[in-house]
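# Structural features, examined
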Amino acid sequence: MKTVGIIGGSGFIGSFNTQKFLNEGYQVKVSTTDLSKKEKYEHLLSLKNAENLEIAQLDVENKQELLDFFERL
């Protein structure tokens, strides 16, 4: 299964991209700035094929976290 990483995948437009990739059979990794703020991304958990979804915490200003996010795809 192919994997895609989406920064901002829980936002308005990002949610559509997330669903598109899930529908096409991808494993989808979506970033969030704070895992404790579930209200920001919990809508993604009810998407079709959400069993292929991973939510990961990411500070995009932290270069190492950004590299780690994409290395583990």
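For the structure, see preceding data.
Now for a description of the structure that goes with this document.

Calculation notes
Residues numbered from 1 in each chain as written. Predicted model: local features only at pLDDT ≥ 70, side-chain atom pairs only at ≥ 80, totals over all residues. Heavy atoms only, no water. Pairing = 2+ DSSP bridges. Helix = DSSP H or I, 4+ residues; strand = E, 2+ residues; numbered from the N terminus. Axes fitted to C-alpha atoms, helices over the stretch in contact; angles between N-to-C directions. Contact = heavy atoms within 4.5 Å. Buried < 20%, exposed > 50% of the residue type's maximum accessible area, 1.4 Å probe, protein only.

This paragraph deals with the sheet that holds strand E3 (residues 53–57). As summarised here, the arrangement of the three strands in space is E1-E2-E3, forming an open sheet in which the pairing is parallel. This sheet does not close on itself; its edge strands, each paired only once, are strand E1 (3–6) and E3. Across the sheet, the axes of successive neighbouring strands diverge by a mean angle of 20 degrees, strand direction being ignored. Across five bridges, the pairing between strand E2 (residues 27–32) and E3 is parallel. Paired with Val-28 across the bridge in E3 is Leu-53. Lying on the sheet, helix H2 (residues 63–71) is in contact with E1, E2 and E3; it crosses E2 at an angle near 165 degrees.

On to the environment of Ala-50. Structurally, Ala-50 can be placed in the loop between E2 and E3. Taking the relative accessible area as the measure of exposure, Ala-50 reaches 15% and is therefore buried. Each C-alpha atom, one on Ala-50 and one on Gln-27, is 9.1 Å from the other, the two residues being 23 residues apart in sequence. Each residue touching Ala-50, except ones within four places of it in the same chain, is listed here: Leu-22, Leu-44 and Leu-45.

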